[in-house]
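Understanding the architecture of this molecule
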Amino acid sequence: MIPSDHFTRFYNEVFKFLESQGEDQLQAYFLAISKNQEKHILELIETKGLEGMEEYWTHIKIEENCDMDIDRNEDRLELRMNVCPSLSKVMDNDAEPMGRYCDHCAGWIGPIFDKTGYHLVYDVIDRKKPQCVMRVFKDAAKAKEAEKDVKLLMGWPGHKV
Amino acid sequence: MSEHLRYAEGGEVHLDFHGATNTTIDFIISRYGVEAMDAIFRRVGKDVYRSIHDDLVAGDTGQLVRHWRHFFTRENCDYDIDVGADEIVLTVRHCTAWHHVAKLVGTPSPHFCDQTSRTNEALAEGSPYAIDTEITGPGSCRQVIRRRA
């Protein structure tokens, strides 16, 4: 058994392999993971919207031991990851980190927001630092406006930046 | 024998990651074949768990046994470890990972337990030991460390 604690380091090895096979393969994998994740979050978003997202990430914050602030208002949800446990483990690793490890996060959640009519603005800030800011808007124009303030904007399958 | 445990973790556990592992195994094997998946597990055994691999190569099984105890306890598995003179046997009666995936998707990938078998083989590669994994039933197995003949 690869412990659930070490999934991220296994994930890192999978990313390195897929990157060597081509960008389209990595994108296809993000979509496969996105589909897998639908069972955990899709219904929450479809039935409760931003509140459902907050419920999901409040659960994740606990189970994945995240140092993260969650803020919701009627227009948007903001996740401010102060210390990301996922990238932290990949960096504290006897194997080499994949340089674009952070891309997977927008890679799986972006397609779910596309499917549910929300607008994601994902600021990775710096791929070598375990921190990021994710904002999800109801309104496309507000999301577009928010993109002006990001340091490193992430895309996802079907949404290049 | 060292008391080192390089990969210890604390806090909560997020068992849904096992579901993502199952999805990953199916994805890689469907596109690239089982050999590609095995090669990734080999890197997990030799590179990700380099400290345990290096200890085994140096003839020290201690860290692997502590690693097993640490994580099988963290994941609330039903298991025991028998450290004998000739072999060390980990008996897993209820693997939390396998049963969690079964709960999520019905039937785990037929290759789900390869993560254990192949990673164990890679951990022991080049060492005086072999680690054999016998799947004894759905979500149960026996893992044996013994000196190579």
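This write-up is about the structure you can find in this document. (Residues numbered from 1 in each chain as written. Chains lettered and ligands numbered in written order. Predicted model: local features only at pLDDT ≥ 70, side-chain atom pairs only at ≥ 80, totals over all residues.)

What follows concerns the overall build of chain A. A tally of helices and strands in chain A yields 6 helices and 4 strands. Starting at the N terminus and ending at the C terminus, chain A contains elements arranged as α-α-α-β-β-α-α-β-β-α. For 161 residues, the compact-globule formula gives about 15 Å, and the C-alpha radius of gyration of chain A, at 15 Å, lands near that figure. Summarising its shape, the C-alpha atoms of chain A cover approximately 45 × 30 × 30 Å along the three principal directions. Counting every position in chain A, which comprises 161 residues, the buried fraction comes to 42%. (Helix = DSSP H or I, 4+ residues; strand = E, 2+ residues; numbered from the N terminus. Rg over C-alpha atoms; globule rule 2.2 N^0.38 Å. Buried ≥ 20, exposed ≤ 12 C-beta atoms within 10 Å, placed from the backbone.)

Turning our attention to the sheet that holds strand β4 (residues 140–147) of chain B. Picture the strands of a sheet paired through backbone hydrogen bonds; they go either parallel or antiparallel. All names here are of chain B. Taken in spatial order, the 4 strands of this open sheet run β1-β2-β4-β3, and their pairing is antiparallel. Both outer strands of the open sheet, β1 (78–83) and β3 (129–137), are each paired with one neighbouring strand and no more. Shown here is a sheet whose adjacent strand axes are inclined to one another by a mean of 10°, direction ignored. The pairing of β1 with strand β2 (residues 87–94) spans 6 bridges and is antiparallel. Looking at β2, one finds that Y79 is bridged to V92. With respect to the sheet, helix α6 (residues 114–124) is in contact with β3 and β4, its orientation differing from that of β3 by roughly 170°. (Pairing = 2+ DSSP bridges. Axes fitted to C-alpha atoms, helices over the stretch in contact; angles between N-to-C directions. Contact = placed C-beta atoms within 7 Å.)

As a further point, take the environment of A:H40. Residue position: A:H40 is located in helix α2 (residues 23–48). Residues A:H40 and A:Y56 lie 16 residues apart in sequence; the distance between their C-alpha atoms is 8.0 Å. The residues contacting A:H40, other than those within four sequence positions of it, are A:Y56 and B:D16.

Before going further, it helps to examine the sheet that holds strand β4 (residues 132–137) of chain A. Residue and element names in this part refer to chain A. With respect to topology, 4 strands assemble into an open sheet ordered β1-β2-β4-β3, the strand pairing being antiparallel. With partners counted over all chains shown, the strands left at the sheet margins are β1 (67–72) and β3 (119–123), one partner each. The average angle at which neighbouring strand axes cross in this sheet is 10°, direction not considered. Note: strand β2 (residues 76–83) against β4, 6 bridges, orientation antiparallel. Of the residues in β4, the one forming a bridge with E78 is R135. The strands touched by helix α3 (residues 50–63) within the sheet are β1, β2 and β4, with β1 carrying the most contacts at an inclination of about 165°. Helix α5 (residues 103–116) rests against β3 and β4 of the sheet, and its axis sits at about 165° to β3.

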